[in-house]
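# Coordinate inspection notes
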Amino acid sequence: MAGEPASPAGPAAEPRHGLRLLILWIAASAICCPLVYLVLGPHVPPGDMSSSAANQQFDFTVLATIATPVILGVLIYFGYALTFWRAKPDDETDGPPIHGHAGAQLGWIALTSAIVLVLAVFGTVELWTQQGAGAGEGPQPIWKPNTSSILQVQVIAQQWAFTYRYPQFGGFETTQLELPVGQAVAFNVTSLDVIHSFWAYQLGVKADANPGVNNIAYTTPRQQGTFVVRCSELCGLWHGAMYNYGKVVSVSAFQAWAHQSEIQLASLTKALPPYSLTYDPTVVPVLGKVLVQLGLTGAGGGYYNPADPEQP
Ligand SMILES: [Cu+2]
């Protein structure tokens with residue numbers, strides 16, 4: 001200590017830095033871990049609007065809670081070293097020599113390995129029990145919801161919009177995405193041109209949209225409300241404008257909307273290619289001409305092109 005006479009006991013007078021650090025670290029972790037899990041957790045994106053979103057929020061919260069003691073350990077050591085091991089002005093002497101410590105090295109390897117392996121098991125279980133956790137599982141999903149009642153929604157990405165077909169309601173196609181609350185949904189995601197990515201942010205759903213591929217993602221909406229749909233794969237000039245909003249509504253409101261859309265869009269649906277899991281992109285320009293000839297492009301299911309000033 002400054003001003004004190006040098007102790008004849010020498011190093012024996014050093015405080016027990018390791019013990020101090022350990023106590024500081026345990027106390028800070030005991031305070032901060034519950035705060036991260038209980039207070040921050042409910043605000044972690046993407047929220048809990050659907051089963052997959054809630055699942056992701058839980059996973060992120062668990063990871064943040066596990067990371068908290070690691071971050072605290074680094075910051076506390078950093079702060080402690082700056083405070084107590086700072087070189088005094090004009091002190092040009094060397095610090096004490098550092099020796100290897102087999103126990104610390106083995107402990108470090110064992111602990112970090114255990115954390116990684118436990119998290120690998122945790123991640124696999126979370127994917128499995130949550131039917132792919134809202135991610136695209138490809139054309140033959142290995143994890144499916146435990147129910148035969150699944151609403152099929154086809155997501156058709158194209159430069160630069162998403163359209164949706166509802167095969168259980170006559171296969172009508174629309175630019176509006178509506179889903180019933182509490183109902184398992186299978187998104188069948190495909191593309192008509194380049195690679196896009198269907199990202200329904202608040203639903204915690206993200207699946208690549210590849211031409212000629214049916215990429216399936218599952219979720220179950222839990223709350224009514226609006227969610228954002230964005231393209232999450234750079235897909236050309238108007239990629240940034242490739243977004244809109246979807247809605248989760250009551251089951252009765254969804255049924256009414258779907259039946260009404262089926263009837264209203266019936267003439268357009270007849271001109272569309274029959275519902276299929278993928279579409280031949282070379283047919284699309286021909287289809288566009290047919291729709292124009294039939295005067296059907298303004299019927300709500302047309303291919304909106306933001307680059308074309310002629311379109312509404
Ligand atoms: Cu896109």
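Here the structure is a predicted model, which is why all the values come from computation and not from measurement.

Conventions adopted
Residues numbered from 1 in each chain as written. Predicted model: local features only at pLDDT ≥ 70, side-chain atom pairs only at ≥ 80, totals over all residues. Heavy atoms only, no water. Axes fitted to C-alpha atoms, helices over the stretch in contact; angles between N-to-C directions. Helix = DSSP H or I, 4+ residues; strand = E, 2+ residues; numbered from the N terminus. Parallel < 35°, antiparallel > 145°, perpendicular 65-115°, else oblique. Contact = heavy atoms within 4.5 Å. Donors = N, O, S within 2.8 Å, 3.2 Å for Na, K, Ca; no water. Tetrahedral: all angles 85-135°; square planar, octahedral: opposite > 155°, others 65-115°. Pairing = 2+ DSSP bridges. Buried < 20%, exposed > 50% of the residue type's maximum accessible area, 1.4 Å probe, protein only. Core = buried A, V, L, I, M, F, W, Y, C linked by side-chain atoms within 4.5 Å. pLDDT = per-residue confidence, 0-100. Expected span 1.5 Å × (residues − 1). Arc of directions from axis to C-beta.

Let us look at the packing of helix α2 (residues 51–84) against helix α3 (residues 102–129). At a minimum axis separation of 12 Å, α2 and α3 run at an interaxial angle of 170°. Our classification of the angle between α2 and α3 gives roughly antiparallel. Contacts between α2 and α3 pair Asn 55, Phe 58, Asp 59, Val 62, Leu 63 and Ile 66 from the former with Ile 115, Leu 119, Phe 122 and Glu 126 from the latter.

So, about unusual backbone geometry. Following Pro 45, the chain continues into Pro 46 via a peptide bond in cis, with omega recorded as 5°. Locating Pro 46 in the fold gives a position in the loop between α1 (17–40) and α2. Cis rather than trans, the peptide bond between Gln 159 and Trp 160 has omega equal to 0°. You can see Trp 160 is positioned in the loop between β1 (150–158) and β2 (161–166). Positive phi, normally seen in glycine, also occurs at Asp 90, with a value near 65°. If you trace the backbone, Asp 90 turns up in the loop between α2 and α3.

Every protein donor of the copper ion is listed here as His 196 (ND1), Cys 231 (SG), Cys 235 (SG) and Met 242 (SD), and their distances to the metal cover 2.0 to 2.6 Å. What the four donor atoms of the copper ion show is an angle range of 92 to 128° at the metal, which sorts the shape as tetrahedral. Read in sequence order, the donor residues for the copper ion give the motif H-x34-C-x3-C-x6-M. With a gap of 39 residues between them, His 196 in strand β6 (residues 196–200) and Cys 235 in the loop between β9 (225–231) and β10 (243–249) connect regions that are remote in the sequence.

Moving on, we get to the sheet that holds β10. The five strands lie next to each other as β4-β10-β9-β6-β7, forming an open sheet whose pairing is mixed. Edge positions in the open sheet fall to β4 (177–180) and β7 (205–209), since each of these has one partner strand only. Here the average twist between neighbouring strands, direction ignored, is 20°. The sheet contact formed by β4 and β10 spans four bridges and is parallel. The partner of Pro 180 across the bridge, within β10, is Val 249. Against the sheet, helix α4 (residues 251–264) contacts β4 and β10, and its axis sits at roughly 140° relative to β4.

Burial analysis of β6 places four of its five residues in the buried class, which makes it a mostly covered element. As paired strands, β6 and β7 are joined by five bridges and run antiparallel to one another. Paired with Phe 198 across the bridge in β7 is Ala 207. Linking two consecutive strands that pair antiparallel, namely β6 and β7, is a turn of four residues; a positive phi of about 65° is found at Gly 204 within it. Sheet analysis places β6 next to β9, joined by three bridges and oriented antiparallel. By the bridge assignment, Trp 199 is partnered in β9 with Arg 230.

Before going further, it helps to spend a moment on the nonpolar core. Ranked by internal contacts, the top residues of the largest apolar core, which has 35 residues, are Tyr 166, Leu 177, Phe 187 and Phe 198. The dominant element in this core, judged by the number of residues it contributes, is β1, at four residues.

Interpretation of the predicted coordinates at a detailed level should be avoided for regions scoring low in pLDDT. Across the protein chain, the average pLDDT comes to 87, with 87% of residues at or above 70. A low-confidence stretch, residues 298–306 (pLDDT under 50), is modelled with 24 contacts involving residues beyond four sequence positions or located in other chains. The low-confidence segment residues 308–312 (pLDDT under 50) makes four contacts with residues lying over four places distant or belonging to another chain.

Among the structural elements, Leu 272 can be located in the loop between α5 (266–271) and α6 (284–294). For the pair formed by Leu 272 and Phe 172, sequence separation is 100 residues and the distance between their alpha carbons is 8.7 Å.

Another point: α4. If you check α4, its first and last C-alpha atoms are 20 Å apart, about what 14 residues at 1.5 Å a residue would give, namely 20 Å. Phe 254, Trp 257, Ala 258 and Ser 261 are the residues of α4 that are buried. One side of α4 holds all its buried residues, which, seen down the axis, span an arc of 95°. Residues of α4 that are exposed and point over 90 degrees away from its buried face: Ser 252 and Ile 263.

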